[in-house]
Amino acid sequence: MSIRRFSISLAAATALPLVLLSCPPGAVGGNAQPLDDRAPEGFLIGSSVAGGGHHEAEPYPDPFTEDRAYTALLGQEFGSLTPENRMKWSDLRPSEDTYDFSDADRIVDFAERNGQEVRGHTLLWHDQNPDWLEEGDHSEHELREILREHVTAVVGRYEGRIHQWDVANEVIDDEGRLRTEDNFWLRELGPDVLVDTFRWAHEADPEAELFLNDYSIEGINDKSDAYLELVGQMLDADVPVHGLAVQTHLSTDAGFPESMEENLDRFGDLGLRTALTEVDVRVEMPRNGSAPTDGQLAEQADFYSRALEACLNAESCTSFTMWSFTDRYSWVPVTFPGTGAATVMDDGFTRKPAYGALEDTLRDHHRQNAGGDPGAGHAGGSVG
Ligand code: 9MR
């Protein structure tokens, strides 16, 4: 991510007065009717909360604690928040003997003040594990104890305050095989530790819904087939798994996953809940450094709209969470250089056609299902 992208907007936008939060759609700042308030009852529109991870190498201060214009929108527009990095091992566990819950607590407190739900992310992953863990010299028994203790402490700390957990993240590879080599836990403790982790999480908070979360499983393909099989086996063994979380990192170049609704339905048929948990749609950035073309933005808007529509139509799918709502803090250009502009607002919080497409999709869904209550959302708006 280049400094150029931030040179104008960052200083200006952080100084925006909060009065701008009543601006009409399309303008910088807030909106007359926040996105989540347009959603049908029981359906949440969410966003990740920026901080940690790639942000630490970027030339801006911590977004969540320092960028008031950002947090104002975060508190106002969404019914559900997911810490982008602050509940990962890298952030919660500075050392084997210590926990640092300060950033995670701040997010959960903020969500509560704003009447928002929180999705917990994540407990068992192959990435963002601390060195003391992956490079330590622990016996199998000790590692198992470290994991059990962590899951119990973290899920237990937020008992009753986090409604869904991405317990396991990306445990199946692109060929549809369990990551028994590159997932530290599965490699060191064997595949059954996956099941144990769900059981420990369930014991720590019996009310929390426990999910498997992954990318490239939007449509019906080898990888989502592998999840269908895995989750079927887990359910047969009475493992407390309650949902499949479909990340939904899309690219206009790769085409839209046409079988999305059908795919969500087949997990719903198993009695699972589904959720779109990390939605973004990246585009190829023009080589001359200019903004995406109107054609690209229209195509992106269409992808956002179709993903939301698939989720709204699938009975099992009850939330649509974006992995950043603004390009200012998106991970995309860092990981996929040459691409970007993946979110519904630009660096300066101006709404793109994709934002309008989400509004239209929610409105159309409401019309088709007249009788729903689009006003039934979270309290929203309080920033503190
Ligand atoms: O957005 C996160 C970024 O800040 C981190 O640097 C990165 C580390 O891998 O993880 C990103 O979040 C990932 C999420 O936890 C799991 N799905 C893929 C997301 C994007 O990489």
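Residues numbered from 1 in each chain as written. Predicted model: local features only at pLDDT ≥ 70, side-chain atom pairs only at ≥ 80, totals over all residues. Heavy atoms only, no water.

Identification of the protein chain as Beta-xylanase from Nocardiopsis kunsanensis is taken from an unreviewed UniProt entry. Its UniProt record, at the heading Catalytic activity (unreviewed entry), says of the protein chain: "Endohydrolysis of (1->4)-beta-D-xylosidic linkages in xylans." The annotation that UniProt attaches to the protein chain under Sequence similarities (unreviewed entry) is "Belongs to the glycosyl hydrolase 10 (cellulase F) family." (UniProt positions renumbered as here; feature names shortened; annotations may be inferred.)

J.: Report on the site of the ligand, specifying residues and quantitative values.
T.: Not every one of the 16 residues close to the ligand is listed here, only the nearest: Glu84, Lys88, His121, Asp127 and Glu278. A distance of 2.9 Å is found between a nitrogen atom of the ligand and a side-chain nitrogen or oxygen belonging to Glu170. Protein contacts shield 86% of the accessible area of the ligand, which totals 450 Å² for the unbound molecule. Among the residues making up the shell around the ligand, the classes are represented as three nonpolar, eight polar and five charged. (Near = heavy atom within 4 Å. Polar contact = N/O pair within 3.5 Å; in protein donor to acceptor, adjacent residues only side chain to side chain. Areas by Shrake-Rupley, 256 points an atom, 1.4 Å probe, with all protein chains shown as cover. Nonpolar A, V, L, I, M, F, W, Y, C, P; charged D, E, K, R; others polar.)

J.: Can you break down helix 10 (residues 222-236) residue by residue, with the values?
T.: Look at helix 10: 21 Å from first C-alpha to last across 15 residues, which is about the 21 Å you get at 1.5 Å a residue. Of the residues making up helix 10, those classed as buried are Lys223, Ser224, Ala226, Tyr227, Leu230, Val231, Gly232 and Met234. Where helix 10 begins, the side chain of Asn221 points an oxygen toward the backbone nitrogen of Lys223, at a separation of 3.0 Å. One or two residues past the end of helix 10 sits Asp238, with phi positive at roughly 60°. (Helix = DSSP H or I, 4+ residues; strand = E, 2+ residues; numbered from the N terminus. Expected span 1.5 Å × (residues − 1). Buried < 20%, exposed > 50% of the residue type's maximum accessible area, 1.4 Å probe, protein only.)

J.: Describe the nonpolar core, with residues and values.
T.: Ranked by size, the top nonpolar core spans 95 residues in total, and within it Trp165, Trp185, Leu212 and Phe320 carry the most contacts. Broken down by element, the residue count for this core peaks at eight residues, all from helix 12 (residues 294-313). Ignoring sequence-local partners within four residues, the contact set of Trp185 consists of Trp89, Leu124, Trp125, Asn129, Leu133, Leu143, Ile146, Leu147, Gly190 and Val193. (Core = buried A, V, L, I, M, F, W, Y, C linked by side-chain atoms within 4.5 Å. Contact = heavy atoms within 4.5 Å.)

J.: Any chance you could break down the pairing of strand 3 (residues 117-124) for me, citing the residues and the numbers?
T.: The element strand 3 is largely enclosed, with a buried count of seven among its eight residues. With two bridges joining them, strand 2 (residues 80-83) and strand 3 adopt parallel strand pairing. Counterpart to Ser80 in the pairing with strand 3 is Glu117. For strand 3 and strand 4 (residues 164-169), the ladder comprises four bridges, and the chain directions are parallel. Residue pairing in the sheet places His121 in a bridge with Asp166 of strand 4. (Pairing = 2+ DSSP bridges.)

J.: Describe the side chain of His138, with residues and values.
T.: With respect to the helices and strands, the residue His138 is situated in the loop between helix 6 (131-134) and helix 7 (140-157). Of the residues examined, His138 reaches a relative accessible area of 19% and is grouped as buried. Side chain to side chain, His138 and Glu96 meet in a polar contact 2.8 Å long.

J.: Kindly report on the packing of helix 10 against helix 11 (residues 260-268), identifying the contributing residues and their values.
T.: Here helix 10 crosses helix 11 at 10°, and the two axes come no closer than 11 Å. In terms of orientation, helix 10 lies roughly parallel with respect to helix 11. Along its contact with helix 10, which presents Ser224, Asp225, Tyr227, Leu228 and Val231, the element helix 11 presents Asn263, Arg266 and Phe267. When its residues are assigned to classes, the contact of helix 10 with helix 11 shows four nonpolar, two polar and two charged. (Axes fitted to C-alpha atoms, helices over the stretch in contact; angles between N-to-C directions. Parallel < 35°, antiparallel > 145°, perpendicular 65-115°, else oblique.)

J.: How would you sum up the packing of helix 11 against helix 12? Please name residues and give values.
T.: For the pair helix 11 and helix 12, the least separation of the axes is 9 Å and the interaxial angle reads 30°. As summarised for this structure, helix 11 and helix 12 are arranged roughly parallel, according to the angle between their axes. In the packing of helix 11 onto helix 12, the handedness of the crossing is right-handed. In this structure, helix 11 uses Met260, Glu261 and Leu264 to contact helix 12, whose residues at the interface are Ala307, Ala310, Cys311 and Asn313. Taken together, the residues of the contact of helix 11 with helix 12 sort by class into five nonpolar, one polar and one charged. (Left-handed = near helix turned anticlockwise from the far one by under 90°.)

J.: Hey, could you go over the environment of Asp182 for me, with residue numbers and the actual values?
T.: Assignment of secondary structure puts Asp182 in the loop between strand 4 and helix 8 (184-189). Residues Asp182 and Val171, spaced eleven residues apart in sequence, show a C-alpha to C-alpha distance of 9.2 Å. The residues contacting Asp182, other than those within four sequence positions of it, are His126 and Arg187.

J.: Now, about the state of the cysteines: what can you tell me, with residues and values included?
T.: Across all of its chains, the model carries one disulfide by this definition. Each sulfur in the disulfide pair Cys311 and Cys317 lies 2.0 Å from the other. Torsion about the S-S bond of the Cys311 and Cys317 cystine: about -85°, corresponding to left-handed handedness. Comparing Cys311 with Cys317 shows no difference in burial state: the two are buried. (Disulfide = S-S within 2.5 Å.)

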